[in-house]
Amino acid sequence: MRKHIVAGNWKMNMTFSEADDLLNDLMEKLEKEELPRDVQVIVCPPFPYLEMASDYANDSYFAVGAQNVSDQEKGAYTGEVSAAMLESCELDYCIVGHSERRGYYHETNALVAAKVDRLLMHNIRPIVCVGEVLAERESGQQLDVVRKQVEEGLFHLTAEQMKNIIIAYEPVWAIGTGKTATTEQAQEMHAHIRSLLTAKYGKELADEISILYGGSCKPTNAKELFACPDVDGGLIGGASLKADDFMGIIKAFI
Ligand code: PGA
């Protein structure tokens with residue numbers, strides 16, 4: 001059975017001491033709960049706090065991921081962080097192709113594919129984000145846009161590599177806007193993504209891939225979104241910055 005995953009994407013938020021407080025708070029809350037074995041919590045703070053988060057994670061019930069990685073292996077790439085570095089810090093996950101990176105930093109599907117390759121080479125599981133912008137949904141192109149992102153970002157992988165991928169569907173119009181996709185919209189897209197995976201890799205493998213929903217996911221809507229048959233958890237932005245809210249979302253699985 002595929003894993004249920006709740007991943008917190010802190011984005012570019014928190015000072016060192018705020019990060020420390022949030023991690024401490026989250027750890028205390030997680031300690032009080034009995035998480036089902038098939039639920040994985042992941043925290044993705046900014047690079048400077050990864051080590052601190054890993055120290056907390058060692059004593060607790062969550063894993064740590066980065067928010068971005070270089071497509072290059074090593075060398076003269078000022079400001080970049082490599083997959084080898086993340087591996088040497090014992091990180092397990094990394095977000096790739098978030099719409100903010102695609103939008104503000106012009107990341108293409110080809111670049112996303114290169115980053116995915118780098119991560120897999122270094123035993124880090126990519127959380128690959130896909131999703132359409134509002135104009136694309138309004139003109140009915142959302143299924144095609146996401147198909148292209150999935151095909152160009154991931155379909156060069158072997159079946160063995162594909163097993164390590166987590167996909168996050170994040171409609172861009174729902175990110176940080178308070179506008180959530182309806183359960184019908186989320187389920188339709190998640191089923192679409194799984195059918196693409198089935199056609200390319202077969203049903204058995206497609207059924208093992210966790211597909212997360214992201215975009216204004218909150219404690220008040222998580223349960224109904226996660227109840228959709230093809231929604232296997234969430235990638236949480238704003239609500240991951242408050243331990244109570246993040247925990248409220250995790251509790252949708254308890
Ligand atoms: P949001 O962000 O939960 O603040 O909408 C989700 C994301 O961008 O991963």
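The shown structure was predicted, so the numbers you read here are calculated from the model rather than taken from an experiment. Every chain begins its residue count from 1, and numbering advances along the sequence as written. Per-residue local features of the predicted model are confined to residues with pLDDT of at least 70, and side-chain atom pairs are confined, for both listing and counting, to 80 or more; whole-chain, interface and lining totals are unaffected and use all residues. Remark: hydrogens and water are excluded; side-chain values derive from all non-hydrogen atoms of the structure.

### A look at the packing of aromatic side chains
Pairs of aromatic rings are described using the distance from one ring centre to the other and the angle between the two planes. Just so we agree on the cut-off: Here the aromatic set is Phe, Tyr and Trp, taking the six-membered ring for Trp, and pairing holds for ring centres within 6.5 Å; pairs whose planes are under 30 degrees apart are stacked, those over 60 apart are edge-to-face, and all others are tilted. Exposed residues in this analysis have more than 50% of their type's maximum accessible area, buried residues have under 20%, and partly exposed residues fall in between, with area computed by a 1.4 Å probe over protein chains only. For the purposes of this entry, the term helix denotes a DSSP run of H or I that reaches at least four residues, the term strand denotes a run of E that reaches at least two, and both are numbered from the N terminus. The criterion for a charge sitting over a ring is simple: Lys NZ or Arg CZ within 6 Å of the ring centre, and within 35 degrees of the ring normal.
Here the structure, examined in full by the defined rule, presents 5 aromatic pairs. Between Tyr 104 and Tyr 105 the ring centres are 6.5 Å apart and the planes differ by 90°, which places this aromatic pair in the edge-to-face class. Here the two residues Tyr 104 and Tyr 105 agree in accessibility, since each one is exposed. Between the aromatic rings of Phe 226 and Phe 253, the centroid separation amounts to 4.8 Å while the plane-to-plane angle is 10°, which identifies the pairing as stacked. Of this pair, Phe 226 sits in helix α11 (residues 219-226) while Phe 253 sits in the segment after α12 (243-250), placing them 27 residues apart in sequence. According to the relative accessible area criterion, Phe 226 is buried, its value standing at 8%. By relative accessible area, which is 13% here, Phe 253 ends up buried. The residue whose ring lies beneath Lys 200 is Tyr 201, and the NZ or CZ to ring-centre distance is 5.9 Å.

### Things to note about the site of the ligand
For clarity, the threshold we go by: By convention in this text, a residue qualifies as near a molecule or strand provided that one of its non-hydrogen atoms is within 4 Å of it. Under the rule applied, a polar contact is a pair of N or O atoms within 3.5 Å (in protein, one hydrogen donor and one hydrogen acceptor; residues adjacent in sequence only if both atoms are side-chain atoms). Residue burial considers only the protein chains on display, and all accessible areas are found by Shrake-Rupley using a 1.4 Å probe. Three classes are used: nonpolar for Ala, Val, Leu, Ile, Met, Phe, Trp, Tyr, Cys and Pro, charged for Asp, Glu, Lys and Arg, and polar for all others, with Gly counted as polar.
Around the ligand there are 13 residues in total, and Lys 11, His 98, Glu 170, Gly 176 and Ser 216 lie nearest to it. Gly 238 is positioned with one of its backbone polar atoms (N or O) 2.8 Å from an oxygen atom of the ligand. Its free accessible area being 280 Å², the ligand has 94% of it covered by the protein chains. Its residues placed into classes, the shell around the ligand shows 4 nonpolar, 7 polar and 2 charged.

### A short note on unusual backbone geometry
Even without being glycine, Lys 11 reaches a positive phi, approximately 55°. Positive phi is not limited to glycine here, since Asn 123 has a value of about 60°. Structurally, Asn 123 is set in the loop between α5 (109-121) and β5 (125-130). Note on Asn 123: relative accessible area 61%, which makes it exposed.

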